[in-house]
Amino acid sequence: MDKLSLLKLFVNAVDHGGFAAAANHLGLSASTVSKGMARLEDNLSIKLFNRSTRQVHLTDSGSRYLITARRIVLELEQCEQDLKKTNDLPCGQVKVNLPVSYGRLYVMPLLQEFTQLYPDITLDVSFNDSYVDILEQGIDLTIRTGKLDDQRLVARMLSPIDFILCASPAYIAANDFPTCAAEYSQHSWIRFKYPQSGRLMPITVDEGHGVESYDPGSQYIVNDGEALAELCAQGLGLTQLPHFIARDWLKSKSIVPISSFLRSSEGVYCVYPKREFLPTKVKVLIEYLLMKIEQNGENTYHTWAETLQPVAHEKNGD
């Protein structure tokens, strides 16, 4: 039995007038309480009780010790109650880490409404596309793509990732329309380079024989997803974009899809530490993000890209 448990036994024994009464109140045996008090006295090398056949009375040292013991127990109980109340209420600070493009395009537009719904929650938001140890950095919630291998964490899927081949209307008007992967190398390409590894993300297509990767070359290389869309909209070449970056550019018709979507093996995940008692402030944010993203046409199994219609290929002279 640890020191704190012994202190609680000590206070209960005094408050209930004896070991047997304290044992009855706590659901313990009288011998357990008696042995606990003997152990406490041994630890202190001080006699706390004068024992008789029927009653126990505090010694002078026991009376002095009671003042401190009672204060410690009461303060701890109050602290536990406050912590439980805080954990059960949607209040306090939530540290959130977001990938740069997805965070800006998908999450940031949702936060104003969230803070209106939960004014007692303070959001501390950071952006990072690299690996982040959320346990080490004290982060409550992050959004990441790819597969989760850390057994200390929980991942809830927000959506799959769908890739879309895109070009600007001006590029299509000035160049031949690529009808198959064999023609890709005839075009200018804007390619994404992974910041961590420095390698280029392959161009993936499915022409009815399964997903294949192509390297059509590159005229422009960037390590920022939104820059892919920006350069594509400027008419500098073809690119392949994840659906969450392509969405707003397609809506504005600055770029157009030149093929149907291609679903990757990865997804977008809401990741948080594995806890038996997840704080309500974190729980409501997770549920809010899941709800809003589904309202915007995406869930664990679908994205809005499934309804996307690629621009039709028109041969010269038609």
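Scroll up to find the structure this text is about.
Fair warning: this is a prediction, and the values are worked out from it, not measured in the lab.

**As for the overall build of the protein**
Inference 1: If you tally the helices and strands in the protein, you get 9 helices and 13 strands.
Inference 2: Over its C-alpha atoms the protein spans a radius of gyration of 32 Å, topping by over 25% the 20 Å that the globule rule assigns to 318 residues.
Inference 3: C-alpha extents for the protein along the principal axes are approximately 115 × 35 × 30 Å.
Inference 4: Counting the 318 residues in the protein, one finds 39% classified as buried.
Inference 5: Long-range pairs, those at least 24 residues apart, make up 75% of the contacts in the protein with a sequence separation of at least 6.
Inference 6: Accessible surface, the protein as shown: approximately 17700 Å² in total, 50% of it carbon and sulfur.
Inference 7: Across the protein, the centroid of the 31 positively charged side chains sits 12 Å from that of the 38 negatively charged ones.

**With respect to empty space enclosed by the protein**
A water-sized probe, rolled over the atoms, reveals where empty space remains.
Inference 1: Evaluated as defined, the whole model comprises 2 cavities of 30 Å³ or more.
Inference 2: Listing elements by their share of the lining of the largest cavity, those giving two or more residues are β3 (92–98), α5 (100–117), β4 (121–127) and α9 (280–295).
Inference 3: Of the residues that constitute the lining of the largest cavity, the class distribution is 9 nonpolar, no polar and no charged.
Inference 4: Roughly 30 Å³ of internal volume is contained in the second largest cavity.
Inference 5: Taken together, Tyr106, Leu110, Arg247, Ile293 and Asn296 make up the full set of residues lining the second largest cavity.
Inference 6: Looking at the lining of the second largest cavity residue by residue, the classes come out as 3 nonpolar, 1 polar and 1 charged.

**Here's the deal with the layout of surface pockets**
Inference 1: By volume, the largest pocket amounts to about 1400 Å³.
Inference 2: In terms of lining residues, the largest pocket is bounded by 50 residues, among which Asp129, Thr145, Gly146, Tyr194 and Glu266 are the most central.
Inference 3: Sorting the residues of the lining of the largest pocket by element identifies α5, β5 (141–145), β6 (153–167), β9 (211–214), α7 (225–233), β11 (239–242), α8 (243–251) and β13 (262–273) as the ones contributing at least two each.
Inference 4: Broken down by element, the residue count for the lining of the largest pocket peaks at 7 residues, all from β13.
Inference 5: By residue class, the composition of the lining of the largest pocket is 24 nonpolar, 15 polar and 11 charged.
Inference 6: Lining the second largest pocket are 19 residues; nearest its centre among them are Leu165, Tyr184, Asp206, Ser259 and Ser260.
Inference 7: Where the lining of the second largest pocket is concerned, the elements lending two or more residues are β6 and β8 (203–206).
Inference 8: A total of 3 residues in the lining of the second largest pocket trace back to one element, the largest contributor, which is β8.

**Quick word on the pattern of salt bridges**
Close approach of charged atoms lets side chains of opposite charge pair.
Inference 1: Counted under the stated rule, the structure contains 11 salt bridges.
Inference 2: Of the charged contacts, one joins Arg70 and Asp15 as a salt bridge, the two residues approaching to 2.9 Å between their closest N and O atoms. Of this pair, Arg70 sits in helix α4 (residues 60–88) while Asp15 sits in helix α1 (residues 3–15), placing them 55 residues apart in sequence.
Inference 3: Overall, Asp15 belongs to the partly exposed group, its relative accessible area being 44%.
Inference 4: Linking Glu75 and Arg71 is a salt bridge whose minimum nitrogen-to-oxygen distance equals 3.9 Å. Taken together, the positions of Glu75 and Arg71, both in helix α4 and 4 residues apart, correspond to about one turn of that helix.
Inference 5: Glu75 gets classed as partly exposed once you look at its relative accessible area, which sits at 48%.
Inference 6: Accessibility expressed as a relative area gives 43% for Arg71, which makes it partly exposed.
Inference 7: Connected through shared salt-bridge partners, Asp162, Arg263 and Glu306 make up one network.

**Points about α5**
Because the α-helix completes a turn every 3.6 residues, residues three or four places apart line up on one side.
Inference 1: Between its first and last C-alpha atoms α5 spans 25 Å; for 18 residues at 1.5 Å apiece the expected length is 26 Å, and the two agree.
Inference 2: Of all the bends found along α5, the most pronounced is centred on Val107 and spans about 45 degrees, while Pro109, a proline, follows it within four residues.

**Section: the state of the cysteines**
Inference 1: Tallied over the full model, the rule gives 0 disulfides.
Inference 2: Here Cys91 is not disulfide-linked; the sulfur of Cys79 is the nearest cysteine sulfur, at 14 Å.

**With respect to the side chain of Arg247**
Inference 1: Looking at where Arg247 falls in the secondary structure, it is placed in helix α8.
Inference 2: Using a relative accessible area of 14% as the deciding quantity, one classes Arg247 as buried.

**Observations regarding helix α2 (residues 19–26)**
Inference 1: For α2, every residue scored as buried is listed here: Phe19, Ala22 and Ala23. Relative to the axis of α2, the buried residues are bounded by an arc of 100 degrees and lie together on one face. Along α2, exposed side chains directed more than 90 degrees from the buried face belong to Ala20, Asn24 and His25.
Inference 2: Elements that come into contact with the buried residues of α2 comprise α1, α3 (30–44), β1 (49–51) and β2 (56–58).
Inference 3: One or two residues past the end of α2 sits Gly27, with phi positive at roughly 75 degrees.

**Comments concerning unusual backbone geometry**
Inference 1: Residues other than glycine seldom take positive phi values, yet Ser45 does so here, at roughly 60 degrees.
Inference 2: The exposed category is assigned to Ser45, whose relative accessible area is 66%.
Inference 3: The backbone of Lys253 shows a phi angle near 65 degrees, a positive value even though the residue is not glycine.
Inference 4: Here Lys253 lies in the loop between α8 and β12 (256–257).
Inference 5: Classification of Lys253 by relative accessible area gives exposed; the value is 62%.

Rules of the game
- Residues numbered from 1 in each chain as written.
- Predicted model: local features only at pLDDT ≥ 70, side-chain atom pairs only at ≥ 80, totals over all residues.
- Heavy atoms only, no water.
- Helix = DSSP H or I, 4+ residues; strand = E, 2+ residues; numbered from the N terminus.
- Rg over C-alpha atoms; globule rule 2.2 N^0.38 Å.
- Buried < 20%, exposed > 50% of the residue type's maximum accessible area, 1.4 Å probe, protein only.
- Contact = heavy atoms within 4.5 Å.
- Areas by Shrake-Rupley, 256 points an atom, 1.4 Å probe, with all protein chains shown as cover.
- Lys, Arg positive; Asp, Glu negative; His and termini not counted.
- Charge placed at Lys NZ, Arg CZ, Asp CG, Glu CD.
- 1 Å grid on protein atoms, 1.4 Å probe; cavity = no way out; pocket = protein on both sides within 12 Å on 5 of 7 lines; lining within 4 Å.
- Points joined across faces, edges and corners; volume = space filled by probe spheres on them.
- Nonpolar A, V, L, I, M, F, W, Y, C, P; charged D, E, K, R; others polar.
- Salt bridge = Lys/Arg side-chain N within 4 Å of Asp/Glu carboxyl O.
- Expected span 1.5 Å × (residues − 1).
- Bend = angle between axes of the 7 residues up to and from the residue.
- Disulfide = S-S within 2.5 Å.
- Arc of directions from axis to C-beta.

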